[in-house]
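Observations on chain architecture
What follows is each chain in one-letter form.
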Amino acid sequence: MALPPPALSRRLGDVRSSPVRDILELTQRAEVISFAGGLPAPELFPAELIADAFARALAPAVAARALQYSSTEGDPALRALLAARFCGRGLSCDADELLVTTGSQQALGLIAAVLLDPGDAVLVENPSYLAALQCFGFAGARLVPVPCDEDGLDPETLPALIAEHAPKFLYIVPTFQNPTGRTLPQARRARLAEIAAEHGLWIVEDDPYGELRYDGAPLAPIGAQPGAADRTVSVSSLSKVLAPGLRLGWLRAPPAILGPLTIAKQAADLHTSTVDQIAARTSLELADLDAHIAELCREYRRRRDALLDGLAGALPAGATFNRPDGGMFVWARLPAGWDAARLLRTALEHDVAFVPGYPFFAREPDERTLRLSFTTHVPAEIAEGLARLRRATAAS
Ligand SMILES: Cc1ncc(COP(=O)(O)O)c(C=O)c1O
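Below you will find a few notes about this structure.

About the criteria used
- Residues numbered from 1 in each chain as written.
- Predicted model: local features only at pLDDT ≥ 70, side-chain atom pairs only at ≥ 80, totals over all residues.
- Heavy atoms only, no water.
- Phe/Tyr/Trp six-rings, centres within 6.5 Å; stacked < 30°, edge-to-face > 60°.
- Helix = DSSP H or I, 4+ residues; strand = E, 2+ residues; numbered from the N terminus.
- Buried < 20%, exposed > 50% of the residue type's maximum accessible area, 1.4 Å probe, protein only.
- Pairing = 2+ DSSP bridges.
- Salt bridge = Lys/Arg side-chain N within 4 Å of Asp/Glu carboxyl O.

1. Overview of the packing of aromatic side chains
In this structure the tally under the stated criterion is 7 aromatic pairs. Ring centres 5.8 Å apart and planes at 75 degrees place the aromatic pair Tyr209 and Phe329 in the edge-to-face group. Remark: Phe329 occurs in strand β12 (residues 329-333) and Tyr209 occurs in the loop between β8 (203-206) and β9 (232-237); sequence separation between them is 120 residues. Exposure remark for Tyr209: the relative accessible area of 4% places this residue in the buried category. Using a relative accessible area of 1% as the deciding quantity, one classes Phe329 as buried.

2. Regarding the environment of Ser9
As for its placement among the helices and strands, Ser9 is situated in the segment before α1 (19-26). Note: C-alpha distance between Ser9 and Leu24 (15 residues apart in sequence) is 28 Å.

3. A few points about the sheet that holds strand β14 (residues 355-356)
Taken in spatial order, the 4 strands line up as β11-β12-β15-β14 in an open sheet, and their pairing is antiparallel. Every other strand in the sheet has two partners, leaving β11 (320-321) and β14 as the edge strands with one partner each. Inspection of the sheet shows β14 paired to strand β15 (residues 369-373) by 2 bridges, in the antiparallel sense. The partner of Val355 across the bridge, within β15, is Arg371.

4. Description of the pattern of salt bridges
Applying the stated criterion across every chain, the model contains 24 salt bridges. Residues Arg388 and Glu384 are paired through a salt bridge, measuring 2.9 Å at the closest nitrogen-oxygen approach. Residue Arg388 and its partner Glu384 are located together in helix α13 (residues 379-395), separated by 4 residues, close to a single helical turn. By relative accessible area, Arg388 is classed as buried at 16%. For Glu384, a relative accessible area of 32% puts it in the partly exposed group. Where Glu384 meets Arg391, a salt bridge forms, and the shortest distance between an N and an O atom there is 4.0 Å. Take Arg391: its relative accessible area is 46%, and that puts it in the partly exposed class.

Distances and angles like these do not, on their own, reveal function.
Take a look at the structure:
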């Protein structure tokens, strides 16, 4: 008879598999047109470039280095290139302020490991990125939602929440947020930084989508706002602009916590894959990433427009949705009496899928909300998906 397993850790608590992953399982059938996943378009990966970069990284004269252990902080030349990208976005940054991570998801895990004890409060947007909620929940954090509107969180609500909960930090995805596609306007960024400085609030700014902008002018990151630089940990990733399979992210942190974060990474995985870092760096040296991003933006803009053009006709009368200037997601809300999870069941019978919004809320979910991703289908498929959604809505 098999022995019972050891008791699971208390911090595992009631952390569960992501409902979004479970929903994505249901959408895997080839005939489903899915607006559910948050994936980049695979046909737009620069696969030849990356293959060439790996071939160069593994060429006989240099392979020994690419296949060897390397430093926890990351490949120095890659860090210099990533620091330059942060500088290009208005965030002044030296290579030695950066830690390369195994995807930006690891950056979130390291931040949780270094800053959170069970019971600590973390302020989060309402709704927020699900895997960050899971990650902070796994560390035992109390997640405190900050009220949000169409422009993201309202900084004026923060002082009372800070006084009541003494949070360790605020976690925010300020540009083209996952799941809502919302962007925090400049005035709110500045005010958030001011309030953070006044009340001693630390900020974790997660920005994987900011460079996927289809309309309007870029906004300076929160870490670049006066008063925020010395209290912001900035996180980003190559996943959405190059390829997520590389698992390459990075964080920039003030020196007082960069050291502990580096130790936490040592304990987690010693370092991010040497060969992947060298191949990523070589890709950035061989090709113009900005030109590639411009190409992604051209194509994703067409796909976003295709979704926005047909969405009103596909959702029930009275549904509302936003029109994000970039990123991958549109956020919609069904009229009173509708439930997005119920609509999804009918939608799947019609071979179309989306993600209900409820898992993204730290506390009371809004069952009427849903997230639609527009990146993985061409406009004709999007139109067909919307026709199916219209039929599912009519059948509900
Ligand atoms: C807001 C946000 N942060 C972090 C991640 C994790 O990305 P990665 O670990 O691939 O860099 C994602 C992925 O979807 C995301 O949407």
